[in-house]
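Structural characterization, general
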Amino acid sequence: SIIELTFVGRSGVVREGSRVAELGAGYGRLAYVYAEACPLTYCIFDIPPTLAVAQWYLTEVLGPERVVPYAPDGDFGAVEPRLKPGVVAFFTPDQMEMFPDGWFDCTQTISTLPEMPRPQAMHYLDLLSAKSGRAVFFKQWKELRNNADNSELAEPDYALPQPWHLAARRVDPVQ
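Residues numbered from 1 in each chain as written. Predicted model: local features only at pLDDT ≥ 70, side-chain atom pairs only at ≥ 80, totals over all residues. Heavy atoms only, no water.

As for the sheet that holds strand β4 (residues 88–91)
Strand order in this open sheet of six strands is β3-β4-β2-β1-β5-β6, and the pairing throughout is parallel. Looking along the sheet, the strands with just one partner apiece sit at the ends: β3 (67–68) and β6 (132–139). Docked against the sheet, helix α3 (residues 50–62) engages β2 (41–45), β3 and β4, running at close to 165° with respect to β4. The sheet strands contacting helix α5 (residues 118–131) are β1 (19–23), β5 (104–110) and β6, and the helix crosses β6 at an angle near 140°. (Pairing = 2+ DSSP bridges. Helix = DSSP H or I, 4+ residues; strand = E, 2+ residues; numbered from the N terminus. Contact = heavy atoms within 4.5 Å. Axes fitted to C-alpha atoms, helices over the stretch in contact; angles between N-to-C directions.)

Here it is, written out as C-alpha coordinates:
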(Lines give C-alpha, C1' and ligand atoms only; values in the text may rest on other atoms or scores of the structure.)
Protein backbone atom coordinates (compact mmCIF):
# COMPACT_ATOMS: atom_id res chain seq x y z
CA SER A 1 0.00 0.00 0.00
CA ILE A 2 2.86 2.38 0.80
CA ILE A 3 4.51 1.58 -2.54
CA GLU A 4 1.23 2.29 -4.36
CA LEU A 5 0.62 5.54 -2.49
CA THR A 6 4.19 6.67 -3.15
CA PHE A 7 3.84 5.95 -6.87
CA VAL A 8 0.52 7.82 -7.13
CA GLY A 9 1.89 10.59 -4.91
CA ARG A 10 4.57 11.39 -7.48
CA SER A 11 1.83 12.81 -9.67
CA GLY A 12 1.31 15.67 -7.21
CA VAL A 13 -2.43 14.98 -7.25
CA VAL A 14 -2.59 13.34 -3.83
CA ARG A 15 -2.25 16.06 -1.24
CA GLU A 16 -4.23 17.74 1.52
CA GLY A 17 -7.82 18.27 0.44
CA SER A 18 -7.69 15.86 -2.52
CA ARG A 19 -10.63 13.66 -3.40
CA VAL A 20 -9.75 10.07 -4.24
CA ALA A 21 -11.95 7.18 -5.42
CA GLU A 22 -11.03 3.52 -5.34
CA LEU A 23 -12.98 0.85 -7.17
CA GLY A 24 -12.59 -2.54 -5.48
CA ALA A 25 -10.82 -1.65 -2.25
CA GLY A 26 -10.93 -5.07 -0.61
CA TYR A 27 -10.66 -4.65 3.15
CA GLY A 28 -9.40 -1.07 2.77
CA ARG A 29 -5.62 -1.40 3.08
CA LEU A 30 -4.87 1.40 0.62
CA ALA A 31 -7.58 3.67 2.03
CA TYR A 32 -5.99 3.29 5.47
CA VAL A 33 -2.56 4.36 4.21
CA TYR A 34 -4.00 7.35 2.33
CA ALA A 35 -6.12 8.39 5.34
CA GLU A 36 -3.13 8.25 7.68
CA ALA A 37 -0.83 10.07 5.27
CA CYS A 38 -2.96 13.06 4.38
CA PRO A 39 -6.29 14.72 5.22
CA LEU A 40 -8.23 13.96 2.06
CA THR A 41 -11.62 12.59 1.05
CA TYR A 42 -11.42 8.91 0.16
CA CYS A 43 -14.40 7.16 -1.42
CA ILE A 44 -14.52 3.38 -1.69
CA PHE A 45 -16.73 1.72 -4.30
CA ASP A 46 -17.07 -2.02 -3.79
CA ILE A 47 -19.54 -4.88 -3.73
CA PRO A 48 -21.12 -6.53 -0.70
CA PRO A 49 -19.89 -8.22 1.45
CA THR A 50 -16.46 -6.71 0.79
CA LEU A 51 -17.82 -3.21 1.28
CA ALA A 52 -19.04 -4.15 4.76
CA VAL A 53 -15.66 -5.67 5.66
CA ALA A 54 -13.84 -2.48 4.60
CA GLN A 55 -16.30 -0.30 6.46
CA TRP A 56 -15.91 -2.37 9.64
CA TYR A 57 -12.08 -2.43 9.40
CA LEU A 58 -11.67 1.28 8.65
CA THR A 59 -14.14 2.24 11.37
CA GLU A 60 -12.05 0.20 13.82
CA VAL A 61 -8.68 1.68 12.81
CA LEU A 62 -9.69 5.27 11.98
CA GLY A 63 -12.63 5.74 14.34
CA PRO A 64 -16.30 6.25 13.53
CA GLU A 65 -15.95 10.03 13.28
CA ARG A 66 -13.80 9.57 10.14
CA VAL A 67 -16.22 7.21 8.39
CA VAL A 68 -19.23 8.01 6.22
CA PRO A 69 -21.09 4.68 6.24
CA TYR A 70 -22.75 3.12 3.22
CA ALA A 71 -26.29 4.26 2.51
CA PRO A 72 -28.34 3.06 -0.47
CA ASP A 73 -29.25 6.67 -1.30
CA GLY A 74 -28.40 7.70 -4.85
CA ASP A 75 -28.65 11.46 -4.24
CA PHE A 76 -25.27 13.16 -4.56
CA GLY A 77 -26.62 16.40 -3.11
CA ALA A 78 -27.50 14.58 0.11
CA VAL A 79 -24.12 12.90 0.53
CA GLU A 80 -21.72 15.60 -0.73
CA PRO A 81 -21.80 17.74 2.47
CA ARG A 82 -20.46 14.75 4.41
CA LEU A 83 -17.50 14.21 2.04
CA LYS A 84 -14.97 16.40 3.82
CA PRO A 85 -11.19 15.99 4.07
CA GLY A 86 -10.25 13.36 6.61
CA VAL A 87 -13.13 10.96 5.92
CA VAL A 88 -13.49 7.64 4.17
CA ALA A 89 -16.91 7.05 2.58
CA PHE A 90 -18.47 3.82 1.32
CA PHE A 91 -20.51 3.20 -1.82
CA THR A 92 -21.50 0.39 -4.12
CA PRO A 93 -20.00 0.55 -7.62
CA ASP A 94 -23.25 1.68 -9.23
CA GLN A 95 -23.25 4.77 -6.99
CA MET A 96 -20.13 6.10 -8.73
CA GLU A 97 -22.41 7.25 -11.52
CA MET A 98 -24.08 9.81 -9.22
CA PHE A 99 -20.80 11.75 -8.80
CA PRO A 100 -20.27 14.63 -11.23
CA ASP A 101 -17.69 14.10 -13.95
CA GLY A 102 -14.26 15.31 -12.84
CA TRP A 103 -15.27 15.46 -9.15
CA PHE A 104 -12.37 13.28 -7.98
CA ASP A 105 -8.76 14.38 -8.27
CA CYS A 106 -7.70 10.76 -8.65
CA THR A 107 -9.56 7.55 -9.39
CA GLN A 108 -7.87 4.19 -9.02
CA THR A 109 -8.37 0.47 -9.13
CA ILE A 110 -5.99 -2.34 -8.30
CA SER A 111 -6.20 -5.95 -9.55
CA THR A 112 -9.93 -5.69 -10.28
CA LEU A 113 -10.64 -5.40 -13.99
CA PRO A 114 -9.81 -8.97 -15.10
CA GLU A 115 -12.18 -10.25 -12.40
CA MET A 116 -15.07 -8.74 -14.40
CA PRO A 117 -16.63 -9.67 -17.71
CA ARG A 118 -15.06 -7.55 -20.47
CA PRO A 119 -18.11 -5.25 -21.01
CA GLN A 120 -18.26 -4.50 -17.28
CA ALA A 121 -14.51 -3.83 -17.09
CA MET A 122 -14.74 -1.45 -20.07
CA HIS A 123 -17.69 0.33 -18.43
CA TYR A 124 -15.63 0.94 -15.28
CA LEU A 125 -12.62 2.13 -17.29
CA ASP A 126 -14.87 4.73 -18.89
CA LEU A 127 -16.44 5.64 -15.56
CA LEU A 128 -13.11 6.00 -13.74
CA SER A 129 -11.79 8.23 -16.51
CA ALA A 130 -14.95 10.37 -16.52
CA LYS A 131 -15.11 10.87 -12.75
CA SER A 132 -11.47 11.93 -12.39
CA GLY A 133 -10.37 15.43 -13.18
CA ARG A 134 -6.62 14.96 -12.78
CA ALA A 135 -5.28 11.38 -12.57
CA VAL A 136 -6.26 7.75 -13.02
CA PHE A 137 -4.13 5.03 -11.46
CA PHE A 138 -4.34 1.38 -12.48
CA LYS A 139 -2.40 -1.53 -11.12
CA GLN A 140 -3.60 -4.56 -13.06
CA TRP A 141 -2.23 -7.87 -14.21
CA LYS A 142 -0.40 -7.55 -17.52
CA GLU A 143 -2.57 -10.37 -18.80
CA LEU A 144 -5.18 -12.48 -17.08
CA ARG A 145 -7.76 -14.93 -18.36
CA ASN A 146 -11.08 -15.05 -16.52
CA ASN A 147 -12.32 -18.56 -17.31
CA ALA A 148 -15.58 -18.06 -15.42
CA ASP A 149 -16.57 -15.31 -17.86
CA ASN A 150 -14.59 -16.64 -20.82
CA SER A 151 -12.79 -13.33 -21.17
CA GLU A 152 -9.22 -12.13 -21.16
CA LEU A 153 -7.85 -8.70 -20.42
CA ALA A 154 -4.33 -7.56 -21.13
CA GLU A 155 -2.41 -4.32 -20.69
CA PRO A 156 -3.51 -2.78 -24.03
CA ASP A 157 -7.15 -3.15 -22.93
CA TYR A 158 -6.61 -0.65 -20.10
CA ALA A 159 -6.13 2.31 -22.44
CA LEU A 160 -8.17 5.35 -21.45
CA PRO A 161 -10.05 7.59 -23.87
CA GLN A 162 -8.77 11.00 -24.93
CA PRO A 163 -7.69 13.38 -23.47
CA TRP A 164 -6.00 10.94 -21.06
CA HIS A 165 -2.45 9.85 -21.81
CA LEU A 166 0.02 7.55 -20.12
CA ALA A 167 2.23 9.62 -17.81
CA ALA A 168 4.09 6.83 -16.05
CA ARG A 169 4.35 3.08 -16.25
CA ARG A 170 6.28 0.55 -14.29
CA VAL A 171 6.35 -3.09 -13.26
CA ASP A 172 5.43 -3.50 -9.60
CA PRO A 173 8.64 -4.00 -7.59
CA VAL A 174 7.06 -6.64 -5.34
CA GLN A 175 4.67 -8.67 -7.45
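Describing the packing of aromatic side chains
In total, this model carries 12 aromatic pairs according to the counting rule given. Ring geometry for Tyr 27 and Tyr 57: centres 5.3 Å apart, planes at 80°, overall edge-to-face. A residue pair is termed long-range when its members are at least 10 positions apart, and Tyr 27 in the loop between β1 and α2 (29–37) and Tyr 57 in helix α3 qualify at 30 residues. Arg 19 extends its terminal NZ or CZ atom over the ring of Trp 103, reaching a point 4.0 Å from the ring centre. (Phe/Tyr/Trp six-rings, centres within 6.5 Å; stacked < 30°, edge-to-face > 60°. Lys NZ or Arg CZ within 6 Å of the ring centre and 35° of its normal.)

Some points on the nonpolar core
Counting residues in hydrophobic clusters, the biggest one holds 26 residues, and the most contacted among them are Tyr 34, Leu 40, Tyr 42, Ile 44, Leu 58, Val 88 and Phe 90. Looking at this core, the elements with two or more residues in it are α1 (2–9), α2, β2, α3, β4, β5 and β6. Sort the elements by how many residues they give to this core and α2 lands first, with five residues. If we skip the residues at most four places from it in the chain, Leu 40 touches Val 14, Arg 15, Gly 17, Ser 18, Val 20, Tyr 34, Lys 84, Pro 85, Gly 86 and Val 87. Core analysis: the next-biggest nonpolar cluster, separate from the first, contains 25 residues, Trp 103, Leu 113, Met 116 and Ala 121 among them. (Core = buried A, V, L, I, M, F, W, Y, C linked by side-chain atoms within 4.5 Å. Buried < 20%, exposed > 50% of the residue type's maximum accessible area, 1.4 Å probe, protein only.)

With respect to α3
Helix length check: α3, at 13 residues, gives a terminal C-alpha distance of 18 Å against a target of 18 Å (1.5 Å per residue), a fit within 8%. Of all the positions in α3, only Leu 51, Ala 54, Leu 58 and Leu 62 are classed as buried. Along α3, the residues classed as buried sweep out an arc of 60° about the axis, all on the same side. What points out from α3, more than 90 degrees from its buried face, is the exposed set Ala 52, Trp 56 and Glu 60. Against α2, β2, β3 and β4 lie the buried residues of α3. Gly 63, located one to two residues past α3, shows a positive phi value of around 100°. (Expected span 1.5 Å × (residues − 1). Arc of directions from axis to C-beta.)

A look at the packing of α2 against α3
The contact between α2 and α3 brings their axes to 10 Å, and the two run at 30°. What the angle tells us is that α2 and α3 run roughly parallel. Regarding α2 and α3, the two cross each other, and that crossing is right-handed. Residue-level inspection shows Ala 31, Tyr 32, Ala 35 and Glu 36 of α2 in contact with α3, the latter providing Tyr 57, Leu 58, Val 61 and Leu 62. The class makeup of the residues in the contact of α2 with α3 is seven nonpolar, no polar and one charged. (Parallel < 35°, antiparallel > 145°, perpendicular 65-115°, else oblique. Left-handed = near helix turned anticlockwise from the far one by under 90°. Nonpolar A, V, L, I, M, F, W, Y, C, P; charged D, E, K, R; others polar.)

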